[in-house]
Amino acid sequence: MTAVIDNPMTRSTRAELLRLRKWPAVWVTVAVWVALALMFGYLFPYLSYRTGDLSFAGDGDTRAQLLVEMLPAALPTVLVQGLPMFGGALALVLGAIVAGNGYGWGTWKTVFTQGPSRPTTVGGSLVALTIAVVGILALTLVLFTGVSLVVAGVESQAVTWPAAGALLESFGGGFLVLEMWALLGYTLGTVARGPALAVGLGLVWALVVENLLRGVGALLGPVEAVTEVLPGTAGGSLVGALIDVSANPNETPGILDVLSGGQALVTVTAYCVGLVVLVLVLVRRRDVA
Amino acid sequence: MDDLVVQTDGLTKRYGERLAVDSVSMTVRRGEVYGFLGPNGAGKTTTLRMMLGLIRPTAGTASVLGRPAGRPDVIARVGALVEGPGFFPYLSGRDNLRTMARYRGLGDDAVDAALARVDLTDRAGDRFKAYSLGMKQRLGVASALMGEPELIVLDEPTNGLDPAGMADMRALVVSLARGGQTVLLSSHLLAEVQEICDRVGVINGGRLLREARVDELRGEATLRVRATPEDAAIAVAMRVAGEDAVRRTPHGLELGLPASAAPALVRDLVTAGVDVHEVSPTERSLEEVFFEMTTTAPTNAVPTEARVS
Ligand SMILES: Nc1ncnc2c1ncn2[C@@H]1O[C@H](COP(=O)(O)OP(=O)(O)OP(=O)(O)O)[C@@H](O)[C@H]1O
Ligand SMILES: [Mg+2]
């Protein structure tokens, strides 16, 4: 291939992709993600469908409903329903290790003395991270499609495909939510100059503090106003809008209907843009020893 | 000026109360091997970091290849190893270099050439974290060499190398300079610097004490003479070398004469009835000069009691 575009940005992206592709920690994160997604998306629902034990599936569900949600037509919903909780958490970890480890290893120092400017180098790193996020989501979609076809086959159900528009919307929304969490992790890893503190604080924030705040917010008006602009609220609401959470509330933790779909989309996008700007500003002038 | 590859002007870096680098103005010329000398904590690494744009000076400027330090177009023409090699531990040595080569827009041929140059081809497939200290160091040097940069900055390149590795490194640096590349290397191994450097800058306590050619720093050659009776010997020596060129030291006489003057001197001494026990040419080693400078320098780096008078 001689036709590749060669400029400092593509060079930086290709370099970062090379080292991410060969990083076991990335594949561990992907494997955990796939395992969790399959478990909660198909394995547990299927077990409870087969055994007739509906306790896992929530109160409102019937066996027929359970089956419907495992068929190809439900792919847009299943693809994104795990994102607000474990999907976001794993994306945050991914972002934090991609940005943070290089400070301890001294690899940012080495990379910053190769030629491309710092914004270009880090920009390439962010593009590579984004490609990884898209890749993980695409891999998930492929796996889920396969599993749902198997379920349809085993249960002798006719295969109906979801509307392309719905699938696209779900993929796009899911991508934005994962990207926001990955960028949040990247930002924390950059600020902390290491992955450990970033991962710790990020997870405590995403999984604990935000939920507590939303609990308090239900009682206190001013706190509620704050919780509405938090990343967890925005991401949860975006997914909630995609899978029409108001139809069956309280089904999956982290999925919310605090914000409208439009508001959530704007907030998540604003986070993505704002975090990229913040990272570039942070890295541009800082001392890297 | 194009033949100044590095020029710093009042370069200063302050960390809180501590002046790590204090108004350093140094110059590195095209094609030379420049030795940057100083004891631990002198400010060598900090100065090099400022030249590479890794850290920002508190005051002063550094220009590299005629442009302000740290500009991308400058950095692309410089290869550097600063304060130890920084590589991805999970990648092989070769993949680490391939990653860096991609940033530079270089192909795998540049990677293989660099690995061969530091004698790491055999172990290039091993993961970086499994490397020994010396192998890590050599990979760091290899990455600085990739793509034939005009200026190569090596911060203590022989750190962790065995004697054979050190000799290889010296030969490598000399061959780089022969090939027209400029090498700026920091070290506290003076014997090494003395052998391969054209010019040196001596830094201590953040201050550049001296910048000069190695032979200038070492000063004139002398002859050391042990002979009895000493008074008679001094009389002869003064006649041969001149009155000012004779010094009495605890080890005998020190004469400001080159080694080539020894046979004539010995003949004259013997003719005058003096017994000659020893005549040896001595050149002050860089090490002696260095200790003189760094221990009597007007800084607070060394406690007064420890100063050599
Ligand atoms: N990031 C930093 N924060 C605070 N002080 C620093 C920092 N980096 C360096 N220093 C101080 O600056 C001084 C110079 O350090 P530097 O690393 O430049 O020395 P050096 O000449 O490279 O020494 P060595 O031979 O040990 O490598 C030291 O006193 C050091 O403690
Ligand atoms: Mg140092």
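The following refers to the structure shown. (Residues numbered from 1 in each chain as written. Chains lettered and ligands numbered in written order. Predicted model: local features only at pLDDT ≥ 70, side-chain atom pairs only at ≥ 80, totals over all residues. Heavy atoms only, no water.)

### Some points on the overall build of chain B
Applied cut-off: In DSSP terms, a helix is any run of H or I states spanning at least four residues, a strand is any run of E spanning at least two, and both are numbered starting from the N terminus. Here, two residues are considered to be in contact whenever any of their heavy atoms come within 4.5 Å of each other. In this description, accessible areas are obtained by the Shrake-Rupley approach with a 1.4 Å probe, and a residue is regarded as covered only by the protein chains that are shown. Working convention for charge: Lys and Arg count positive, Asp and Glu count negative, and His plus the chain ends are omitted. To locate a charge, take NZ of a lysine, CZ of an arginine, CG of an aspartate or CD of a glutamate.
Of the regular secondary structure elements, chain B holds eleven helices and 15 strands. The dimensions of chain B, computed from C-alpha atoms along their principal axes, are 75 × 45 × 40 Å. Residue pairs in contact within chain B that sit at least 24 positions apart in sequence constitute 67% of those at least 6 positions apart. Surface summary for chain B: the accessible area is close to 14,000 Å², and the carbon and sulfur share equals 48%. One way to put it: in chain B the 36 positive side-chain charges average out to a point 6 Å from where the 41 negative ones average out.

### Details of the sheet that holds strand β12 (residues 222-228) of chain B
Residue and element names in this part refer to chain B. This is how it is decided: Paired strands, in this sense, are two strands between which DSSP finds at least two bridges. Where helices are involved, their axes are fitted lines through C-alpha atoms of the stretch in contact, as for all axes, and angles between N-to-C directions lie from 0 to 180°.
Across the sheet, four strands lie side by side as β13-β14-β12-β15; this open sheet has antiparallel pairing. Strands at the two margins of the open sheet, each flanked by one partner only, are β13 (246-249) and β15 (275-282). Between one strand axis and the next, the sheet turns through 25 degrees on average, direction left out of account. By the bridge criterion, four bridges tie β13 to strand β14 (residues 252-255) in an arrangement that is antiparallel. Across the sheet, the residue bridging to Arg248 is Leu253, located in β14.

### A closer look at the nonpolar core
Going by this rule: Among the buried residues, those of types Ala, Val, Leu, Ile, Met, Phe, Trp, Tyr and Cys that are joined through side-chain atoms within 4.5 Å form a nonpolar core. Any residue under 20% of the maximum accessible area for its type is buried, any over 50% is exposed, and the rest in between are partly exposed; the area is computed with a 1.4 Å probe on protein chains only.
The biggest cluster of nonpolar side chains holds 148 residues, and the ones touching the most others in it are Tyr186 of chain A together with Leu97, Leu154 and Leu184 of chain B. Residue contributions to this core peak at twelve residues, all from helix α5 (residues 83-105) of chain A. Among all residues touching Leu184 of chain B, those that are not within four sequence positions of it are Met26, Val28, Tyr34, Phe36, Leu48, Met51, Leu151, Ile152, Val153 and Leu154 of chain B. If you look at the next biggest cluster of nonpolar residues, it comprises 16 residues, including Val236, Ala237, Leu257 and Leu269 of chain B.

### What to know about the pairing of strand β1 (residues 4-15) of chain B
Within a regular strand, side chains alternate between the sheet's two faces. All names here are of chain B. In the sheet, β1 pairs with strand β3 (residues 27-29) via three bridges, with the strands oriented antiparallel. Its bridge partner lying in β3, Leu4 is registered against Arg29. Direction of pairing for β1 relative to strand β5 (residues 59-64): antiparallel, over a ladder of five bridges. Among the inter-strand pairings, Asp9 is bridged to a residue of β5, identified as Thr61. Here β1 runs beside strand β2 (residues 18-24); their pairing, made up of four bridges, is antiparallel. Its bridge partner being in β2, Leu11 is matched across the sheet by Val24. With antiparallel pairing between neighbouring strands as the criterion, β1 and β2 make up a hairpin whose turn holds two residues, including Gly16 at a positive phi of roughly 60 degrees.

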